[in-house]
Amino acid sequence: MVEQFAKLDIRKDENIVYKRTDLLVDRPLSYCPGCGHGTVHRIIMETLEEMSIQDKTIGVSPVGCSVLAYDFMNIDMLGAAHGRAPALATAIKRMWPDRFVFTYQGDGDLAAIGTAETIHACNRGEHFTMIFINNGIYGMTGGQMAPTTLPNMRSSTSPYGRDVETMGFPLKMTELIAQLPGTYYVTRQAVHTPAGVRKTKKAIRKAFENQKNKTGISFVEVVSNCNSGWKMTPVQSNKWMEENMFPFYPLGDIKVDGKLVETKATAAKE
Amino acid sequence: MGELRLMKGNEAIAEAAIRAGCDGYFGYPITPQSEVMEYLMMEKPYERTGMVVLQAESEVASINMLYGGAGTGKMVMTSSSSPGISLMQEGISYMAGAELPALLVNIVRGGPGLGTIQPSQADYFQSVKGGGHGDYRLIVLAPASVQEMSDFVKLGFDLSFKYRTPALILSDGAIGQMMEKVELFDPIPRRTEEQLIQQCPWASTGKPKNRDHNIITSLDLDPAGQERVNLKLQAKYKVMEEKEVLYETIQAEDAEYLFIAFGLSARICQKSIDLARAKGIKVGLFRPITLYPFPVKEIAAISKKVKGILVVEMNAGQMIEDVRLAAGCAIKIEHYGRFGGIIPNPDEVVKALEQKIIGG
Ligand SMILES: Cc1ncc(C[n+]2csc(CCOP(=O)(O)OP(=O)(O)O)c2C)c(N)n1
Ligand code: SF4
Ligand SMILES: [Mg+2]
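1. Structural notes on the overall build of chain B
Counting its secondary structure elements, chain B contains 15 helices and 15 strands. For chain B, the C-alpha radius of gyration of 21 Å lies close to 21 Å, the compact-globule estimate for 360 residues. For chain B, the spread of C-alpha atoms along the three principal axes comes to 70 × 50 × 40 Å. Taken over 360 residues, chain B has a buried fraction of 61%. Taking all contacts inside chain B whose residues are at least 6 apart in sequence as the whole, residues at least 24 apart take part in 78%.

2. Considerations on the interface of chain B and chain A
In this assembly, 37 residues from chain B lie in contact with 35 residues from chain A. Summing the contributions of chain B and of chain A, the shared interface buries around 2,800 Å²; its carbon and sulfur component is 62%. Counting the surface chain B buries against chain A, the share from its top three residues, Glu-57, Lys-207 and His-213 of chain B, is 20%. Ionic pairing is found between Glu-193 of chain B and Arg-99 of chain A, a salt bridge with its closest N-O pair at 2.8 Å. Connecting chain B to chain A are 17 residue pairs in polar contact (both at pLDDT 80 or more). When residues of the side of chain B that touches chain A are traced back to their parent elements, those giving at least two are strand 2 (24-27), strand 3 (52-55), helix 4 (59-71), helix 6 (89-97), helix 10 (193-199) and strand 9 (215-216) of chain B.

3. Observations concerning the site of ligand 1
Inspection of the region around ligand 1 gives 17 residues, with His-37, Cys-65, Asp-107, Asp-109 and Gly-139 of chain A positioned closest. Close to ligand 1, residues of chains A and B are found. The backbone of Gly-108 of chain A places a nitrogen or oxygen atom 2.9 Å from an oxygen atom of ligand 1. A distance of 2.9 Å separates an oxygen atom of ligand 1 from a polar backbone atom of Met-140 of chain A. In isolation ligand 1 offers 600 Å² of accessible surface; the protein chains occlude 77% of this area. When contributions to the shell around ligand 1 are tallied by element, the ones reaching two or more residues are helix 5 (107-113) and strand 5 (137-138) of chain A. Of the residues belonging to the shell around ligand 1, the class tally is 6 nonpolar, 8 polar and 3 charged.

4. Observations regarding the site of ligand 2
Residues in close proximity to ligand 2 include Tyr-31, Cys-32, Cys-35, His-37, Cys-65, Asn-135, Gly-139, Cys-226, Asn-227 and Ser-228 of chain A, which together make up its full environment. Classifying every residue of the shell around ligand 2 gives 5 nonpolar, 5 polar and no charged.

5. Section: the coordination of the magnesium ion (ligand 3)
All names here are of chain A. Protein-derived coordination of the magnesium ion (ligand 3) comes from Asp-107 (OD), Asn-135 (OD1) and Ile-137 (O), at a distance range of 2.0 to 2.1 Å. In the primary sequence, the donor residues of the magnesium ion (ligand 3) line up as D-x27-N-x1-I. A residue pair is termed long-range when its members are at least 10 positions apart, and Asp-107 in helix 5 and Ile-137 in strand 5 qualify at 30 residues. Each member of the pair, Asp-107 as well as Ile-137, is classed as buried.

6. Notes on the domain arrangement of chain B
All names here are of chain B. We note that the domain assignment places domain 1 (3-193) and domain 2 (247-358) within chain B. Put simply, the middle of domain 1 and the middle of domain 2, counted by C-alpha atoms, are 27 Å apart. Between domain 1 and domain 2, the contact holds 29 residues from the first and 24 residues from the second. Across the interface of domain 1 and domain 2, roughly 2,100 Å² is buried in total on both sides, 57% from carbon and sulfur atoms. On the domain 1 side of the interface with domain 2, the three residues burying the most area are Gln-121, Tyr-124 and Phe-125, jointly 33% of the side's total. Taken together, the connections running from domain 1 to domain 2 amount to 3 salt bridges. Counting every contact that joins domain 1 to domain 2 gives 16 residue pairs in polar contact (both at pLDDT 80 or more). At the level of secondary structure, the elements contributing two or more residues to the side of domain 1 that touches domain 2 comprise helix 7 (124-128), strand 6 (139-141), helix 8 (146-163), strand 7 (166-172) and helix 9 (173-177). Residues that form the side of domain 1 that touches domain 2 fall into these classes: 17 nonpolar, 6 polar and 6 charged.

7. Brief notes about empty space enclosed by the protein
Residues and elements named next belong to chain B. In total, this model carries 1 cavity of 30 Å³ or more according to the counting rule given. Counted as a void, the largest cavity has a volume near 30 Å³. Lining of the largest cavity is provided by Ile-85, Gln-89, Ile-92, Leu-104, Gln-126, Ser-127, Leu-138 and Leu-168. Those elements that provide at least two residues to the lining of the largest cavity are helix 6 and helix 7. Of the residues in the lining of the largest cavity, the class split is 5 nonpolar, 3 polar and no charged.

8. Details of the sheet that holds strand 9 (residues 252-256) of chain A
Spatially, 10(A)-9(A)-7(A)-8(A)-4(A)-3(A)-1(A)-2(A)-9(B) is the arrangement adopted by the 9 strands of the open sheet, whose pairing is mixed. Strands with a single pairing partner mark the edges of an open sheet, and in this sheet they are strand 10 (259-260) of chain A together with strand 9 of chain B. With respect to the sheet, helix 9 (residues 194-209) of chain A is in contact with strand 3 (100-106), strand 4 (129-134), strand 7 (183-190), strand 8 (217-223) and strand 9 of chain A, its orientation differing from that of strand 7 of chain A by roughly 165°. Across the face of the sheet, helix 4 of chain B comes into contact with strand 2 (76-79) of chain A together with strand 9 of chain B while running at roughly 155° to strand 2 of chain A.

9. A word on the packing of helix 12 (residues 263-278) of chain B against helix 15 (residues 346-358) of chain B
All names here are of chain B. Interaxial distance between helix 12 and helix 15 falls to 8 Å at its minimum, and their mutual angle equals 65°. By crossing handedness, the relation of helix 12 to helix 15 is classed as right-handed. Packed against helix 12, whose contacting residues are Ile-268, Cys-269, Lys-271, Ser-272, Leu-275 and Ala-276, the element helix 15 presents Pro-346, Asp-347, Val-349 and Val-350 at the interface.

10. Thoughts on unusual backbone geometry
Both trends apply: most residues other than glycine have a negative phi, and most peptide bonds are in trans. Between Gly-111 of chain B and the following residue, Pro-112 of chain B, the backbone shows a cis peptide bond with an omega angle of -5°. With respect to the helices and strands, the residue Pro-112 of chain B is situated in the loop between strand 5 (102-108) and helix 7. With omega at 0°, the peptide bond leading from Tyr-292 of chain B into Pro-293 of chain B counts as cis. Structurally, the position occupied by Pro-293 of chain B is in the loop between strand 13 (290-292) and helix 13 (296-303). With a phi close to 50°, Asp-257 of chain A is a non-glycine residue in the positive phi region.

The rules behind each value
Residues numbered from 1 in each chain as written. Chains lettered and ligands numbered in written order. Predicted model: local features only at pLDDT ≥ 70, side-chain atom pairs only at ≥ 80, totals over all residues. Heavy atoms only, no water. Helix = DSSP H or I, 4+ residues; strand = E, 2+ residues; numbered from the N terminus. Rg over C-alpha atoms; globule rule 2.2 N^0.38 Å. Buried < 20%, exposed > 50% of the residue type's maximum accessible area, 1.4 Å probe, protein only. Contact = heavy atoms within 4.5 Å. Buried area = accessible area lost by both parts, 1.4 Å probe. Salt bridge = Lys/Arg side-chain N within 4 Å of Asp/Glu carboxyl O. Polar contact = N/O pair within 3.5 Å; in protein donor to acceptor, adjacent residues only side chain to side chain. Near = heavy atom within 4 Å. Areas by Shrake-Rupley, 256 points an atom, 1.4 Å probe, with all protein chains shown as cover. Nonpolar A, V, L, I, M, F, W, Y, C, P; charged D, E, K, R; others polar. Donors = N, O, S within 2.8 Å, 3.2 Å for Na, K, Ca; no water. Domains from an automatic or database assignment. 1 Å grid on protein atoms, 1.4 Å probe; cavity = no way out; pocket = protein on both sides within 12 Å on 5 of 7 lines; lining within 4 Å. Points joined across faces, edges and corners; volume = space filled by probe spheres on them. Pairing = 2+ DSSP bridges. Axes fitted to C-alpha atoms, helices over the stretch in contact; angles between N-to-C directions. Left-handed = near helix turned anticlockwise from the far one by under 90°.

Spelled out as structure tokens, the structure:
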């Protein structure tokens, strides 16, 4: 059937409405089926291709499920130590000011072990793009509690639910760094629906475009699922994310063109 | 003859960095080495050569900035003192694993812990035995003068790029702070982008169409692959051991006894030699300059010509382990050390030689 389809001569350039970008290496992703990481990889690579900046882009991958991002993204990359991607990117962007530089990090990486590097890169107003995949859990190490784990949410190190009295409160890193004068564009998106993917891609495009004007950090949080860590099917996990993550981590722009936006996201802080 | 200046050791490091064509310095203040960044900030190398200087939020950030810069082929360096260097160990291990060149400077102070801000050589083990996790080595250079502080910046960069591995200048608070005459080498222009890409085809500089993407990482999840990485590193270290050993001997030709010391201790031993020879004791000095690769063969050879060796260090006995491994058990080898920031005086070193080696 597939073979038959392949032989049909409808596969002409003018008929193609969608194809995998060449900037994704043709190999199976290491992510669980249904996980948001792969989708975000794709739209970052599509963005670079559409902007024709792949030969001028240097990416920094984290330690987390996306530790092998450099194997999937067909651009020059560096794999950072856990949490340190913003330090790498700081030096890269300062010494290669004409390159497009981005970091890609999970919530444990960016908001726990790498808190200092995140805040100081943002506060210095480094001119690179930060992509932040917030799935409320440590996916890679098997579903432990993250700084972003919701109150009462179960994880392997909060098996009875996160007790905020003893385990602390979830950290809204995105709202926090939006307060810093060095951030220029701060937004929170999700990729669990086609509309969400489109919006996230627009945000990522803006975050890269901003680098042309050297305006400071552009920061895109993507609230994402970890169906394996959450112990749900992909569909369940997306529903759970809408019902539980979005009220706490509301989607939308938080800071645009250097100015805080009054949105659900900022209002929800109160 | 190059330009002559009277400089502190720390300032000589900074000036040499600019002249060596360094692309970026990243550091965090700590006594007794803060003059390195202070000198750079005062000197504005971003105007002189385009070199970037950045005060990071911590030593953890500094070393990871180095990783980022080095991964793109840039000539990057940091300096710190013992507690700060301890904080950097994870990053140093990553750089060794990812085969990244960079220059690190440790202006050692007394430990453990916050210790003291006075000079010490107690970070020998940390420097030559790994320091961070995993099987790796650093190229370790031990200057004994302000002149060598300057010269070894260039040498350190050269070796680190030649072998794609971090090089460390292991100095101490006294050499960092003391002023001496230095002959500065002539400035070398920073590499152009084309020169950098030619020198470092492995670097992540932005992928052109005509090559595969470059990946800088220390990760290989496949044990067989990771073993290959380790074998490659070990093979590289073997070559360094064959080719890059540096040492110096002073009045060793007719010596019956020998001091073995590095850095500041070697300077003190030079004075002790004069004092001892005035008393009729024929003693000389062997000074390892590369602490890794260690002058194993050279120490083995010279130990056969003397009756006893006193290893003098500003620590509780660290390099002596390597001296004993090199020299074997045929002659007496003892240690004399002061620690916690105390610099031994030449008289007490002679007394130690008399008591522990000649009389003992
Ligand atoms: C210094 C250090 N500490 C701990 C780890 C183990 N570790 C690897 S990934 C990870 C958490 C990753 O979680 P996150 O950043 O949220 O990424 P995700 O896998 O969820 O995408 C941890 C703790 C490590 N690799 N290095
Ligand atoms: S463990 Fe979670 S974050 Fe990691 S790949 Fe699987 S679903 Fe994605
Ligand atoms: Mg996570």
